[in-house]
Amino acid sequence: AQSVTQPDIHITVSEGASLELRCNYSYGATPYLFWYVQSPGQGLQLLLKYFSGDTLVQGIKGFEAEFKRSQSSFNLRKPSVHWSDAAEYFCAVGAPDGNKLVFGAGTILRVKS
Amino acid sequence: EPEVTQTPSHQVTQMGQEVILRCVPISNHLYFYWYRQILGQKVEFLVSFYNNEISEKSEIFDDQFSVERPDGSNFTLKIRSTKLEDSAMYFCASSERRQAVQSYFGPGTRLTVT
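What you see is a predicted model, and the numbers here were worked out from it, not measured in a lab.

A. Spotlight on the overall build of chain A. The helix and strand inventory of chain A stands at zero helices and 12 strands. Helices and strands in chain A line up, N terminus first, as β-β-β-β-β-β-β-β-β-β-β-β. Its C-alpha atoms give chain A a radius of gyration of 13 Å, within 12% of the compact-globule value 13 Å for 113 residues. Projected onto its principal axes, the C-alpha positions of chain A cover 40 × 30 × 20 Å. Here chain A, with 113 residues, has 46% of them falling under the buried criterion.

Here you go:
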């Protein structure tokens, strides 16, 4: 069965600092991987996804993520965080032919000025 | 850009009442999903639906829940007798192909059971 672990419940970074949110997955083959962002009371916005090919994936809002098969990881990064990036971030995994996505518990990002 | 819409955005109901949450998937999509997010917790899969049948459902999706595509555009989630623990954000999603990985999510309906 698929599972996703986001080890950090909360992360606080200063505005302008770099960011890395961790995501580890468990799946028997190469999964499809996603990062979503959710602002308070809002829906899920897809930041980026990895299906195959280049392991460094570029997304919206200046985010990128790198798939590392050997570490079963798909960490999200941003070189310089803006105050508007404060939100909750969810990593998700899906089987290529599956009926569902499995989400991690989320990481709440706080940005201090 | 086409999008999934959900109504209402917020529903308040009393325990024991029936609620129907509505979703309008993207028009050419054939696969539909419901997910739930209890406040402060992760998003959890409830059910997937294709060709007027449930494809897969989770343990959460018990006999109190049902889904329906009553017409060519709507996809509904019914909870027959709501409990306090049903309070959550409910997300609808749809995809053109079978793979749920191609899903587009709606903005969610916040259900509050009092």
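B. Up close: the pattern of salt bridges. Scanning the entire structure with this criterion turns up six salt bridges over all chains. Here E64 of chain A ties to R77 of chain A by a salt bridge, and the two come within 3.2 Å at their closest N and O atoms. Separated by 13 residues along the polypeptide, E64 of chain A in strand β8 (residues 64–68) and R77 of chain A in strand β9 (residues 73–78) bring together distant segments of the chain. E56 of chain B is the partner of K100 of chain A in a salt bridge, and the nearest nitrogen-oxygen pair spans 3.3 Å. Of this pair, K100 of chain A sits in the loop between β10 (87–94) and β11 (101–103) while E56 of chain B is found in strand β6 (residues 53–57), placing the two residues in two different chains. Put simply, E64, E66 and R77 of chain A are held in one network by salt bridges that share partners.

C. Structural view of the nonpolar core. Residues L19, W35, L47, L48, F74, L76 and Y89 of chain A are the most contacted members of the largest nonpolar core, which totals 26 residues. The set of elements that each furnish at least two residues to this core consists of β2 (10–14), β3 (19–21), β5 (32–38), β6 (45–50), β8, β9 and β10 of chain A. By residue number, the principal contributor to this core is β10 of chain A, which donates four residues. For F74 of chain A, the contacting residues outside a window of four places in its chain are C23, L33, F34, W35, L48, Y50, A65, E66 and F67 of chain A. C23, W34, F75 and V113 of chain B belong to the second-largest nonpolar core, a separate cluster that totals 21 residues.

What counts, and where the lines are drawn
- Residues numbered from 1 in each chain as written.
- Chains lettered and ligands numbered in written order.
- Predicted model: local features only at pLDDT ≥ 70, side-chain atom pairs only at ≥ 80, totals over all residues.
- Heavy atoms only, no water.
- Helix = DSSP H or I, 4+ residues; strand = E, 2+ residues; numbered from the N terminus.
- Rg over C-alpha atoms; globule rule 2.2 N^0.38 Å.
- Buried < 20%, exposed > 50% of the residue type's maximum accessible area, 1.4 Å probe, protein only.
- Salt bridge = Lys/Arg side-chain N within 4 Å of Asp/Glu carboxyl O.
- Core = buried A, V, L, I, M, F, W, Y, C linked by side-chain atoms within 4.5 Å.
- Contact = heavy atoms within 4.5 Å.

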